[in-house]
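As a plain string of letters, each chain reads:
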Amino acid sequence: MPHHTVLEGLGWTESTRAAYGSGLLVYHVFCDSRDIPEIECAPASSATISSFISALAGSYSGQTIQGYIYSIHTWHTLNSLPWSLHEDQINTMLKGAAR
């Protein structure tokens, strides 16, 4: 089943799906531009996510970065990939990026 069909089934609006798509695109461009091996991008390590957040800080709002992280997390869930980051780790990284 295509992921957009799954997302529709979860009740996510077109705008949410578009925002999540944008977050994934930015993440994949980040990984590709830094020659990060695919195995480190998916499943994402805390070091990769921390680097991603740091790279976006100052160029994107904290809310946008948070949305991007949620999109990466959701993508992991839909693809049955482990998500090793804990909510407190993510919140700490996002607070640092918002400063």
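Residues numbered from 1 in each chain as written. Predicted model: local features only at pLDDT ≥ 70, side-chain atom pairs only at ≥ 80, totals over all residues. Heavy atoms only, no water.

A. Representation of the side chain of His76 within the structure. In this structure, His76 sits in helix α5 (residues 62-78). Side-chain polar atoms of His76 contact the backbone oxygen of Ile72, separated by 2.8 Å. Residues in contact with His76, not counting those within four places in the same chain, are Cys41, Ala42, Pro43, Ala44, Leu81, Pro82 and Trp83. (Helix = DSSP H or I, 4+ residues; strand = E, 2+ residues; numbered from the N terminus. Polar contact = N/O pair within 3.5 Å; in protein donor to acceptor, adjacent residues only side chain to side chain. Contact = heavy atoms within 4.5 Å.)

B. Focus on the nonpolar core. Tyr27, Ile49, Phe52, Ile53, Ile69, Ile72 and Trp83 are the most contacted members of the largest nonpolar core, which totals 22 residues. For this core, the secondary structure elements donating two or more residues are α2 (14-33), α4 (46-56), α5 and α6 (87-98). Broken down by element, the residue count for this core peaks at five residues, all from α2. (Core = buried A, V, L, I, M, F, W, Y, C linked by side-chain atoms within 4.5 Å. Buried < 20%, exposed > 50% of the residue type's maximum accessible area, 1.4 Å probe, protein only.)

C. Region of the structure containing α2. Taking 1.5 Å per residue as the helical rise, α2 with its 20 residues ought to reach 28 Å, and the 28 Å between its terminal C-alpha atoms agrees with that figure. For α2, the set of buried residues is Arg17, Tyr20, Gly23, Leu24, Val26, Tyr27, Phe30 and Cys31. Two residues or fewer after α2 comes Asp35, characterised by a positive phi angle close to 55 degrees. (Expected span 1.5 Å × (residues − 1).)

D. The arrangement of the packing of α4 against α6 in detail. Running from N to C, α4 and α6 point in directions that differ by 20 degrees, and their axes come no closer than 10 Å. Comparing the axis directions of α4 and α6 gives the class roughly parallel. Every pair of crossing elements has a handedness; the one defined by α4 and α6 is right-handed. Contacts from Ser46, Ile49, Ser50 and Ile53 of α4 reach α6 at Gln89, Met93, Leu94 and Ala97. (Axes fitted to C-alpha atoms, helices over the stretch in contact; angles between N-to-C directions. Parallel < 35°, antiparallel > 145°, perpendicular 65-115°, else oblique. Left-handed = near helix turned anticlockwise from the far one by under 90°.)

E. Local environment of the confidence of the model for the chain. Summing up the model confidence of the chain, the mean pLDDT is 84 and the portion of residues at 70 or higher is 87%. Mean pLDDT values for the elements of the chain range from 51 in helix α1 (residues 3-9) up to 92 in α4. (pLDDT = per-residue confidence, 0-100.)

F. Seen up close, the side chain of Thr48. Within the secondary structure, Thr48 is located in helix α4. A distance of 3.2 Å separates a polar side-chain atom of Thr48 from the backbone oxygen of Glu40. Not counting residues up to four positions away in its chain, the partners in contact with Thr48 are Tyr27, Phe30, Cys31, Ile36 and Glu40.

G. Main features of α6. Here α6 spans 16 Å end to end across 12 residues, near enough to the 16 Å set by a 1.5 Å rise per residue. Listed as buried for α6 are Ile90, Met93, Leu94 and Ala97. Projected down its long axis, α6 shows its buried positions confined to an angular sector of 100 degrees, all on one face. More than 90 degrees from the buried face of α6, the exposed residues found are Asp88, Thr92 and Lys95. (Arc of directions from axis to C-beta.)

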